[in-house]
Structures are given as C-alpha cells and as structure tokens.
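Observations on the model geometry
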Amino acid sequence: DAKTTQPTSMDCAEGRAANLPCNHSTISGNEYVYWYRQIHSQGPQYIIHGLKNNETNEMASLIITEDRKSSTLILPHATLRDTAVYYCIVRPARRNTGTASKLTFGTGTRLQVTL
Amino acid sequence: DAGVIQSPRHEVTEMGQEVTLRCKPISGHNSLFWYRQTMMRGLELLIYFNNNVPIDDSGMPEDRFSAKMPNASFSTLKIQPSEPRDSAVYFCAGRRDTTEAFFGQGTRLTVV
C-alpha cells in the first residue's frame, strides 16, 4: 500500500475551517484515499473516502489533486468535538480478500480545536 | 444497531494469566479486524478475518497471541501467558466487503 505523510499536529479556531493535508505521492491508480479520525478514548471513526473526484458528505469534504499525489480533508466549521487524531490511509479498491482488505494506520495529525 | 461490541471494556490481570478479549461485529459484516494501540507503536493491525477465515495474521506479535472467529457474530483474541508489554488498547473492527470499517470502543488491557 502507498505510504502517506501527514503533519504531526495542527490547531484550528472553533468555527473556522480545518484543512488537513496528506501526501501520498506513490499512490497507484486503483488505490482510494480514506480518512478516519480517533477521538480520545474511542475507536477510529470513518469520515470519507475518494478515488479521483472531490467528495463531500455531512462530516467533511475531501479534495484530491489532479495528479492524486496529495489530498486535503476539510472540516468546514470546526467545533471542539472535532478535536481528534486524523488518519489519512491509502488502500486498494479490489473487491476480494487479501491485502486489499487491510487498513494500515500511520501516525496521523493531531487536530486541536480551540475557542 | 448497537455497533461493534467489545468486552470487557477494561481488564487488569497479573503477568502469566490468560486473557480473552471478545468482539461481536455488526450483523452482515464479513471482514473482522483486531488492532492494538499503544503510545509507542500507534495502531497496529494484528490479524484479520474474511468470512470467518483468518487471512493475514502477520501482525500477531508472538505465539502467545491467538485469535478465532467460530462464526460470523463472534471473535476472540487470546493472550496466554500475558506479559506487561501486552498492556494496550485492543480494538475490533468490522466491514462489509470494501465499505468503511466500524470500530468498537476497545478493551483497555493492563498486565501487572
């Protein structure tokens, strides 16, 4: 699986947009970009994923560059409850067993939302 | 749906004792994952099952660790004998096909 690189930590003021970058320069054509977050003392929670096009759901937006070598997760109006570690993961999209099923977590970005 | 259910939530045991962690995935999820999380090593994948069959156990640290999935609604992770370095939070997660994974709340294991 392609390796991802994220900043160790970021701060964001409550109510402002939080933009979390991720580099995945070795991503291959069949690999999706997934984002999960982990709030303190809880299990990781799925946020969003995408292949080529930008994606948006009720939680966040995902912007993937045209060359797919990097992406940005956007929380449009961050709240204190968004304080968490955010993980960017690259995973193949094959619909069978084997390594495609693995979700390998890196160190993520610790986002601190402040008043 | 109650989500992925793990038990116990907390476990404190003495070194050398056997520890069994339990996981009940969401109904219909055909892949199940066991992860371990520590401050030093982050989230590590230990083993995962697909349709109750172990697919990759390369993350299992030693023979002291074993995992089973006797049916689609139950899995166990056993450590025998336990050691202090096994202290961690253990997460179970499930997924249907290639959709997103749902994690349980974890079991915090302390081996003294």
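In what follows, the accompanying structure is described.

About the criteria used
Residues numbered from 1 in each chain as written. Chains lettered and ligands numbered in written order. Predicted model: local features only at pLDDT ≥ 70, side-chain atom pairs only at ≥ 80, totals over all residues. Heavy atoms only, no water. Contact = heavy atoms within 4.5 Å. Buried area = accessible area lost by both parts, 1.4 Å probe. Salt bridge = Lys/Arg side-chain N within 4 Å of Asp/Glu carboxyl O. Polar contact = N/O pair within 3.5 Å; in protein donor to acceptor, adjacent residues only side chain to side chain. Nonpolar A, V, L, I, M, F, W, Y, C, P; charged D, E, K, R; others polar. Helix = DSSP H or I, 4+ residues; strand = E, 2+ residues; numbered from the N terminus. Disulfide = S-S within 2.5 Å. Buried < 20%, exposed > 50% of the residue type's maximum accessible area, 1.4 Å probe, protein only. Pairing = 2+ DSSP bridges. Axes fitted to C-alpha atoms, helices over the stretch in contact; angles between N-to-C directions. Phe/Tyr/Trp six-rings, centres within 6.5 Å; stacked < 30°, edge-to-face > 60°.

**Comments concerning the interface of chain B and chain A**
In this assembly, 20 residues from chain B lie in contact with 21 residues from chain A. In total, about 1700 Å² of surface goes out of reach between chain B and chain A, with carbon and sulfur atoms giving 50% of it. For the pair chain B and chain A, the interface holds zero salt bridges. Our count for the chain B to chain A interface comes out at three residue pairs in polar contact (both at pLDDT 80 or more). Residue composition of the side of chain B that touches chain A, grouped by class: nine nonpolar, seven polar and four charged.

**Structural notes on the environment of Ser 82 of chain B**
Residues and elements named next belong to chain B. Looking at the element boundaries, Ser 82 is found in the loop between strand S8 (74-79) and strand S9 (88-95). Placed 63 residues apart in sequence, Ser 82 and Val 19 show a C-alpha to C-alpha distance of 6.8 Å. When sequence neighbours within four positions are dropped, the list of residues in contact with Ser 82 reads Thr 13, Glu 14, Met 15, Gly 16, Gln 17, Val 19, Arg 64 and Val 111. Within the structure, the side chain of Ser 82 is placed 3.4 Å from the backbone oxygen of Glu 14, a separation counted as a polar contact. Engagement of the side chain of Ser 82 in a polar contact is seen with the backbone oxygen of Gln 17, the distance being 2.8 Å.

**Some words on the state of the cysteines**
Per the stated rule, a full pass over the model turns up two disulfides over all chains. Note on cysteine connectivity: Cys 22 of chain A is disulfide-linked to Cys 88 of chain A, with sulfurs 2.1 Å apart. Between Cys 22 of chain A and Cys 88 of chain A the disulfide shows an S-S torsion of about -80°. By sign, it is left-handed. Of the two residues, Cys 22 of chain A is situated in strand S2 (residues 18-23) and Cys 88 of chain A in strand S8 (residues 84-92); the sequence distance between them amounts to 66 residues. Here the two residues Cys 22 of chain A and Cys 88 of chain A agree in accessibility, since each one is buried. Bridging Cys 23 of chain B to Cys 92 of chain B, the disulfide has an S-S length of 1.8 Å. Its S-S torsion of approximately -65° makes the covalent link between Cys 23 of chain B and Cys 92 of chain B left-handed.

**Brief notes about the sheet that holds strand S7 (residues 65-71) of chain B**
Residue and element names in this part refer to chain B. If you trace the four strands from one edge of the open sheet to the other, you get S1-S3-S8-S7, paired in antiparallel fashion. Where the open sheet ends on each side, the last strands, each with one partner, are strand S1 (5-7) and S7. The average angle at which neighbouring strand axes cross in this sheet is 15°, direction not considered. Here S1 runs beside strand S3 (residues 19-24); their pairing, made up of three bridges, is antiparallel. Counterpart to Gln 6 in the pairing with S3 is Cys 23.

**Looking at the packing of aromatic side chains**
All names here are of chain A. With the rule as written, the count across this model stands at 11 aromatic pairs over all chains. Ring geometry for Tyr 36 and Phe 105: centres 5.8 Å apart, planes at 70°, overall edge-to-face. Of this pair, Tyr 36 sits in strand S3 (residues 31-38) while Phe 105 is found in the loop between S8 and strand S9 (109-114), placing the two residues 69 residues apart along the sequence. Residues Tyr 36 and Phe 105 agree in their burial class; the two are buried.

**Details of the pairing of S9 of chain A**
Residues and elements named next belong to chain A. Alternating residues of S9 divide into Thr 109, Leu 111 and Val 113, all buried, and Arg 110, Gln 112 and Thr 114, none buried. Bridge count for strand S1 (residues 9-13) against S9 is five bridges, and the pairing is parallel. Across the sheet, Ala 13 pairs through a bridge with Thr 114, a residue of S9. Taken together, the three bridges between S8 and S9 define a ladder with antiparallel strand orientation. Pairing of Ala 84 across the sheet is with Leu 111, part of S9.

**Here's the deal with the sheet that holds strand S4 (residues 45-50) of chain A**
Residue and element names in this part refer to chain A. Strand order in this open sheet of five strands is S1-S9-S8-S3-S4, and the pairing throughout is mixed. Each edge of the open sheet is held by one strand with a lone partner, namely S1 and S4. Each strand axis lies, on average, 25° off the axis of its neighbour in the sheet, ignoring direction. Pairing analysis gives five bridges linking S3 to S4, with the strands arranged antiparallel. Bridging across to S4, Tyr 36 finds its partner in Tyr 46.

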